[in-house]
Amino acid sequence: MSYSLNRKIAGLTPYEPLSGTYRVRLDANESFYTLPETLLEKVGKAVKVISFNRYPDPYAAELCRAFANFYGLSPEFLTAGNGSDELINIIVTAFSLKGEPCYSFAEDFSMYRFYGELAECERVILPKRDDLTIDVDEVIRRVIQTDTGMLLFSNPCNPTSLGLKREEVRRLIRSVNCLVVLDEAYMDFWDQSLIDEVEEYDNLILLKTCSKAFGMAGIRLGFAVANPLITNALRAVKSPYNVNSVTQAIGTVVLREKELLKSRINELIGSRKELEKELLALAGRYPVLRTVYPSVTNFVFIKTEKAREISAALEQRSVAVRCFDGYLRITAGSQEENCILVHELGGVLKEGV
Ligand SMILES: *Cc1c(COP(=O)(O)O)cnc(C)c1O
């Protein structure tokens with residue numbers, strides 16, 4: 001036997017999320033709300049009547065109707081996925097051919113690059129401006145050179161927390177010929193969505209997740225929104241039973257709770273505003289927090305050359321945040337969690353890093 005891993009995968013290591021228990025976890029942009037008791041009862045009832053011996057509905061029709069209803073869409077534009085992560089994988093694998101360009105930004109969700117690599121695309125990393133905003137004209141100039149492949153980006157952006165206005169995104173999609181995959185994982189926290197107009201584009205797939213604003217990261221559920229031609233292709237290439245019956249049942253029940261979900265989104269936004277304000281105040285006192293970016297998401301992004309040191313010191317105090325090279329990303333938590341974070345971060349900065 002002389003089997004060896006191929007060059008695509010030989011160097012890969014399994015994804016390692018933060019392990020261990022922390023007093024406060026603000027590292028993964030999850031909602032700080034779980035489902036309320038009354039809703040848990042409905043969820044329990046829905047799970048009880050699942051035909052566990054049968055395969056799930058391959059098109060998750062009822063679930064898609066509930067999601068479509070929440071946004072006022074037509075369900076014919078929807079494909080459900082086992083998290084939007086699965087959808088990114090399927091899209092990159094199926095909608096590009098080997099060697100075709102896969103454009104993504106230097107500062108963006110790391111999965112775009114990762115799946116692009118697995119699909120053996122030609123990865124093209126586009127720069128952002130120094131202030132982490134996107135220069136749409138520059139992007140168009142770069143991407144227009146090709147008719148194939150795709151451009152993937154998140155708007156609002158994870159990790160920068162910044163957003164590109166609707167009109168700019170429209171201009172970008174209309175100016176290029178390749179597929180645009182617009183990940184609106186955090187758009188529930190802002191008001192610049194293109195979800196109502198996907199039908200108008202022949203080159204757009206918009207992605208949504210139930211993991212952030214809807215507080216259901218645990219059930220793995222995401223959606224792709226696209227015109228019927230693209231949707232038909234997506235449904236054809238996905239694995240038939242990609243969304244399990246339990247997730248379909250729970251997602252359907254929860255997505256019908258429009259009022260609850262909307263009011264929680266407002267509370268998450270309120271929490272982020274509060275956290276942002278507190279962090280700006282800390283940055284005023286401690287210039288090592290160089291920039292607190294104006295967030296349109298449920299997290300705050302901070303530029304600091306001491307990101308590693310601060311993150312490690314917070315970890316010592318049992319507070320988890322996400323550390324990038326030169327930046328910190330802090331999820332907005334409950335009032336109490338934000339309070340502990342601000343208190344501990346203040347302590348770390350006072351001691352000096
Ligand atoms: C969290 C996140 C997702 C989520 O993915 P799921 O697989 O649905 O949990 C997708 N895109 C971005 C930019 C994210 O930050």
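In this report, the structure presented in the accompanying data block is examined.

Helix and strand counts for the protein stand at 11 helices and 12 strands. Compactness check: the protein gives a C-alpha radius of gyration of 21 Å against a globular reference of 20 Å for 353 residues, within 12% of the reference. A principal-axis box enclosing the C-alpha atoms of the protein has dimensions of 55 × 55 × 55 Å. Counting all 353 residues of the protein, 52% fall into the buried class. Across the protein, contacts joining residues at least 24 apart in sequence account for 72% of those joining residues at least 6 apart. A total of about 17000 Å² of accessible surface is found on the protein, and carbon and sulfur atoms cover 50% of it. Distance from the positive charge centre (42 side chains) to the negative charge centre (47 side chains) of the protein: 2 Å.

Glancing now at helix H7 (residues 228-237). Residues three or four positions apart in an α-helix share a direction because the helix packs 3.6 residues into each turn. The complete set of buried residues in H7 reads Ile230, Thr231 and Leu234. The buried residues of H7 occupy an angular sector of 100° when the element is viewed end-on, so they sit on one face. Exposed positions of H7 whose direction lies more than 90 degrees from the buried face are Leu229, Asn232 and Ala236. Taken together, the buried residues of H7 touch strand E2 (78-81), helix H3 (83-95), strand E6 (179-183), strand E7 (204-209) and strand E8 (222-226). For H7, the N-terminal capping position is held by Asn227, with its side-chain oxygen 3.0 Å away from the main-chain nitrogen of Leu229.

Glancing now at the layout of surface pockets. Roughly 240 Å³ of internal volume is contained in the second largest pocket. Lining the second largest pocket are 15 residues; nearest its centre among them are Glu62, Ser245, Gln248, Ala249 and Thr252. Element by element, the count of residues in the lining of the second largest pocket is highest for helix H8 (residues 245-255), at 5 residues. Looking at side-chain class alone, the lining of the second largest pocket contains 9 nonpolar, 3 polar and 3 charged residues.

Scanning all chains against the criterion turns up 1 cavity of 30 Å³ or more. Computed from the structure, the largest cavity encloses a volume of approximately 80 Å³. If you tally residues by element for the lining of the largest cavity, the top one is helix H9 (residues 258-285), at 4 residues. For the lining of the largest cavity, the residue count by class is 9 nonpolar, 3 polar and 1 charged.

This brings us to the sheet that holds E7. Spatially, E2-E8-E7-E6-E5-E3-E4 is the arrangement adopted by the 7 strands of the open sheet, whose pairing is mixed. Where the open sheet ends on each side, the last strands, each with one partner, are E2 and strand E4 (122-126). Pairs of neighbouring strands in the sheet enclose a mean axial angle of 20°, with direction left out of account. The sheet strands contacting H3 are E2, strand E5 (150-154), E6, E7 and E8, and the helix crosses E7 at an angle near 160°. Packed onto the sheet, helix H4 (residues 110-118) meets strand E3 (101-105), E4, E5 and E6 and runs at close to 165° relative to E3.

What follows covers the sheet that holds strand E11 (residues 319-324). Here we have 5 strands laid out as an open sheet, ordered E1-E11-E12-E10-E9, and mixed in their pairing. The outermost strands of the open sheet, each flanked by one partner alone, are strand E1 (24-26) and strand E9 (291-292). Here E11 pairs with strand E12 (residues 327-331) via 3 bridges, running antiparallel. Looking at the pairing, Arg322 lines up with Arg329 of E12.

Tracing the backbone shows Tyr71 in helix H2 (residues 61-71). Along the chain, Tyr71 and Leu132 lie 61 residues apart, while their C-alpha atoms are 30 Å from each other. Apart from the residues lying within four places of it in its own chain, the contact partners of Tyr71 are Asp188, Ile195, Asp196, Lys208 and Phe214.

What counts as what
- Residues numbered from 1 in each chain as written.
- Predicted model: local features only at pLDDT ≥ 70, side-chain atom pairs only at ≥ 80, totals over all residues.
- Heavy atoms only, no water.
- Helix = DSSP H or I, 4+ residues; strand = E, 2+ residues; numbered from the N terminus.
- Rg over C-alpha atoms; globule rule 2.2 N^0.38 Å.
- Buried < 20%, exposed > 50% of the residue type's maximum accessible area, 1.4 Å probe, protein only.
- Contact = heavy atoms within 4.5 Å.
- Areas by Shrake-Rupley, 256 points an atom, 1.4 Å probe, with all protein chains shown as cover.
- Lys, Arg positive; Asp, Glu negative; His and termini not counted.
- Charge placed at Lys NZ, Arg CZ, Asp CG, Glu CD.
- Arc of directions from axis to C-beta.
- Polar contact = N/O pair within 3.5 Å; in protein donor to acceptor, adjacent residues only side chain to side chain.
- 1 Å grid on protein atoms, 1.4 Å probe; cavity = no way out; pocket = protein on both sides within 12 Å on 5 of 7 lines; lining within 4 Å.
- Points joined across faces, edges and corners; volume = space filled by probe spheres on them.
- Nonpolar A, V, L, I, M, F, W, Y, C, P; charged D, E, K, R; others polar.
- Pairing = 2+ DSSP bridges.
- Axes fitted to C-alpha atoms, helices over the stretch in contact; angles between N-to-C directions.

Any functional reading would require information beyond the geometric quantities listed.
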